[in-house]
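Understanding the architecture of this molecule
Listed here are the chains, written in short residue letters.
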Amino acid sequence: MSKIKIITDSSVTIEPELVEELDITVVPLSVMIDGTLYSDADLKEEGKFLALMKAAKNLPKTSQPPVGLFAENYERLLEEGAEHIVAIHITHSLSGTVEASRQGANIAGAPATIIDSSFTDQAMKFQVVEAAKLAKAGASLEDVLARIEEVRQKTELYMGVSTLENLVKGGRISRVTGIFSSLLNVHIMLEMQNHELDTIRRGRGAKVFTKWLDDFISEIGDRKIAEIGISYAGTNELANRFRDKLQPHVEKEIAVLETGSIIQTHSGENAFAVMVRYE
């Protein structure tokens, strides 16, 4: 039986019971809020980070895990008998985490494969969970890596934002676009493609989101959906409505989860993401 272990980072949005069941190691990023540094691992309580962000004088700043923290985790897994470690991380366009992980593995002298997931949140969870299931079942490294790539290619991530203030301040979208959209109360739908967030739709008010969903459902066609994840920042009302509309199109129960501090820092309040993995 192969002894492959899976590492990821806390930008992943995942049920705690899955982390425990599949023996996944989650290395936390950090968030600086008005001079106070928080580990993302300490901000998982529902609504905790959003309350801190709303009360903050300045936009929080996220940072990747220290190289030393990664090295410690790699060393621990080796001591526990891992023969190879597969690390799946947030896209390099949003964080330097993947490189920190690579350096940590080198310091620890760990036999490791470091993967840029091209995504984050539950879209990254799809890869992590599938890899962990295979690793737990004793699959070969070749099979685990092939499955990760297959899942990555069949995943789509769509994101709706109600305010562009955080994306502008974080440098993820142009300031001119942000100011223009704020003045006109423009809501924007984005899709993550090739590591980048591209605007695919914009409009006045939240109706742009429901119109996008209706169009998305009408365009599913013969494509069979394996699973859907919906994440949100703020209230879950819209996310639950989306789940109810999408559930008839997929057998597996849709997970509706609050996204973590890393994504909320960039998305702002009242944002959501719909992530889809096709068969």
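One numbering rule holds for all chains: residues counted from 1, following each sequence as written. Given that this is a predicted model, residues contribute local features only at a pLDDT of at least 70 and side-chain atom pairs are listed and counted only at 80 or more, while totals for whole chains, interfaces and linings are drawn from all residues. Only hydrogens and water are set aside; all other atoms, that is, all heavy atoms of the structure, feed into the side-chain values.

Let's shift gears to the confidence of the model for the protein chain. As a per-residue measure, pLDDT tells how confident the predictor is, with possible values from 0 to 100. Taken residue by residue, the protein chain gives an average pLDDT of 91. The fraction at 70 or more is 91%. The contact definition used throughout considers only heavy atoms, calling two residues in contact when any of these lie within 4.5 Å. Here residues 172–183 is a poorly scored stretch, pLDDT under 50, and it has 19 contacts once near neighbours within four places are set aside; other chains count.

Moving on, we come to the packing of helix H5 (residues 121–136) against helix H6 (residues 141–153). Packed helices, taken two at a time, are described by their axes: the angle between them and the distance between them. Helix axes use the C-alpha atoms of the stretch in contact, all axes being lines fitted to C-alpha atoms, and the angles between their N-to-C directions lie in the range 0 to 180 degrees. In this text, helices come from DSSP runs of H or I with a minimum length of four residues, and strands from runs of E with a minimum of two, each type numbered from the N-terminal end. Between H5 and H6, whose axes approach to 9 Å, the crossing angle comes to 155°. As far as their axial angle goes, H6 and H5 are roughly antiparallel. Crossing geometry of H5 relative to H6 is assigned as right-handed. Between H5 and H6, the contacting residues are Phe-126, Gln-127, Glu-130, Ala-131, Leu-134 and Ala-135 on the first element and Asp-143, Val-144, Arg-147, Ile-148, Val-151 and Arg-152 on the second. Three categories are distinguished: nonpolar for Ala, Val, Leu, Ile, Met, Phe, Trp, Tyr, Cys and Pro, charged for Asp, Glu, Lys and Arg, and polar for the others, with Gly belonging to the last. Its residues assigned to classes, the contact of H5 with H6 comprises 7 nonpolar, 1 polar and 4 charged. Reported orientations rely on four angle classes, namely roughly parallel under 35 degrees, roughly antiparallel over 145, roughly perpendicular from 65 to 115, and oblique for the rest. Crossing handedness is read from the near helix: turned anticlockwise from the far helix by less than a right angle, it gives a left-handed crossing, and turned clockwise, a right-handed one.

Let us now look at the pattern of salt bridges. Should a side-chain nitrogen of Lys or Arg be within 4 Å of a carboxyl oxygen of Asp or Glu, the pair is scored as a salt bridge. Applying the stated criterion to the full structure yields 19 salt bridges. For Glu-15, the salt bridge goes to Lys-125, with nearest N and O atoms at 3.3 Å. Here Lys-125 lies in helix H5 and Glu-15 lies in the loop between strand S1 (4–9) and helix H1 (16–21), a separation of 110 residues in the sequence. For Arg-241, the salt bridge identified is with Glu-237, shortest N-O distance 3.4 Å. One end of the pair is Arg-241 and the other is Glu-237, both in helix H10 (residues 237–246) and 4 residues apart, which spans about a single turn. Taken together, the salt bridges that share partners define one network made up of Glu-130, Arg-147, Glu-150, Lys-154, Glu-227, Lys-252 and Arg-277.

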